[in-house]
Amino acid sequence: MKEVKILIRNLNLFYGEKQALKNITLDIPANKVTAFIGPSGCGKSTFLRVLNRMNDLIDHVRIDGEVVIDEVNIYDKQIDVVNLRKRIGMVFQKSNLFPKTIYENIVYGLKINGIRDKKVLDQTVEKTLKQAALWEEVYDRLNEPGLSLSGGQQQRLCIARALAVEPEIILMDEPASALDPISTAKIEELIHELKTKYTIVIVTHNMQQAARVSDQTAFFYLGELIEYDKTTKIFTNPSKKQTEDYVTGRFG
């Protein structure tokens, strides 16, 4: 496997007494797309949020095990979580734009980090909108509200906003589930282009999408990692019967 970006060892997560993730161990390669698949409630989104410590925001969560990014355990007490989240962009299922202009949505993260130079902000807006394949559609509308865009455009604006703070890793939680087929195709194309610069982890319930966009696929069931391998193998010749039953639509 290509250079490992995220290394997870013996990870368990509890919500109070309930165990939501059970002894997960896997390596996520750099500059590849890794998909998490599995039925609803199997732990895939919870696991995604482990990777940027978003579960810290939930009461009574306990995590043990290791999540190592570039040889540093992100659950170490010394870790600056704000800094960590700068390195790990997140795109949610429902676009969560701020009620601000397209321009202000993108530069928000930079301004929080103290960057005020108009030239730098302008360059970042143009660069990230081009990366998110949105520049041609909105370059003359930057002062209009982000919320005036279509659903697919809003989701690409969320991706541009995530890219603005120059992360190394992008986490996507069902990024196209609320979109029409044309917008979904654009997001998938975008994911394909972005992996040359970023490590991407995507949660999707859409099996065809996982097969199209990812290099590696992890199949979760009831909080356990059942199988993890190259996407082609998972979809054409899985090792476990449970995986085969899920990808062929026999259950889930």
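The notes below deal with the structure included here.

Thoughts on the overall build of the chain
In terms of helices and strands, the chain carries ten helices and ten strands. Taking 2.2 N^0.38 as the reference for a compact globule, 252 residues should give roughly 18 Å; the C-alpha atoms of the chain span a radius of gyration of 18 Å, in line with that estimate. Expressed as lengths along the three principal axes of its C-alpha atoms, the size of the chain is roughly 55 × 45 × 35 Å. Out of the 252 residues belonging to the chain, those deemed buried represent 50%. Partitioning the intrachain contacts of the chain with sequence separation of at least 6 by distance along the chain shows that 67% fall at a separation of at least 24. Carbon and sulfur atoms form 50% of the exposed surface of the chain, whose accessible area is close to 12200 Å².

Let's talk about the side chain of Gln 131
The residue Gln 131 is located in helix H4 (residues 118-131) in this model. In this structure Gln 131 comes out as buried when scored by relative accessible area, which is 14%. A distance of 3.1 Å separates a polar atom in the side chain of Gln 131 from a polar atom in the side chain of Tyr 198. Setting aside residues no more than four positions away along its own chain, Gln 131 makes contact with Leu 163, Leu 190, Leu 194, Lys 197 and Tyr 198.

As for the pattern of salt bridges
Here the idea is simple: oppositely charged side chains can pair when their charged atoms come close. A complete count under the given rule lists 17 salt bridges for this structure. Salt-bridge contacts for Lys 5 lead to Asp 70; the nearest nitrogen and oxygen are separated by 2.9 Å. Of this pair, Lys 5 sits in strand E1 (residues 4-15) while Asp 70 sits in the loop between strand E4 (61-69) and strand E5 (72-73), placing them 65 residues apart in sequence. Of the residues examined, Lys 5 reaches a relative accessible area of 11% and is grouped as buried. Put simply, Asp 122 and Lys 118 hold a salt bridge, and the shortest N to O gap is 2.9 Å. With Asp 122 and Lys 118 both in helix H4 and four residues apart, the pair spans about one turn of that helix. Each of Lys 5, Asp 70, Arg 87 and Glu 168 takes part in salt bridges that share partners, so that together they form one network.

Observations regarding the layout of surface pockets
The space that makes up the largest pocket amounts to roughly 660 Å³. Among the secondary structure elements, those contributing two or more residues to the lining of the largest pocket are helix H2 (81-87), strand E6 (88-91), helix H3 (102-112) and helix H6 (151-164). Here the residues of the lining of the largest pocket sort into 14 nonpolar, five polar and three charged. Lining the second largest pocket are 17 residues; nearest its centre among them are Ser 40, Gly 41, Cys 42, Gly 43 and Lys 44. Breaking the lining of the second largest pocket down by element, the ones donating at least two residues are strand E2 (18-29) and helix H1 (44-50).

What to know about the sheet that holds E5
Strand order in this open sheet of four strands is E2-E1-E4-E5, and the pairing throughout is antiparallel. Where the open sheet ends on each side, the last strands, each with one partner, are E2 and E5.

Cut-off values and rules
Residues numbered from 1 in each chain as written. Predicted model: local features only at pLDDT ≥ 70, side-chain atom pairs only at ≥ 80, totals over all residues. Heavy atoms only, no water. Helix = DSSP H or I, 4+ residues; strand = E, 2+ residues; numbered from the N terminus. Rg over C-alpha atoms; globule rule 2.2 N^0.38 Å. Buried < 20%, exposed > 50% of the residue type's maximum accessible area, 1.4 Å probe, protein only. Contact = heavy atoms within 4.5 Å. Areas by Shrake-Rupley, 256 points an atom, 1.4 Å probe, with all protein chains shown as cover. Polar contact = N/O pair within 3.5 Å; in protein donor to acceptor, adjacent residues only side chain to side chain. Salt bridge = Lys/Arg side-chain N within 4 Å of Asp/Glu carboxyl O. 1 Å grid on protein atoms, 1.4 Å probe; cavity = no way out; pocket = protein on both sides within 12 Å on 5 of 7 lines; lining within 4 Å. Points joined across faces, edges and corners; volume = space filled by probe spheres on them. Nonpolar A, V, L, I, M, F, W, Y, C, P; charged D, E, K, R; others polar. Pairing = 2+ DSSP bridges.

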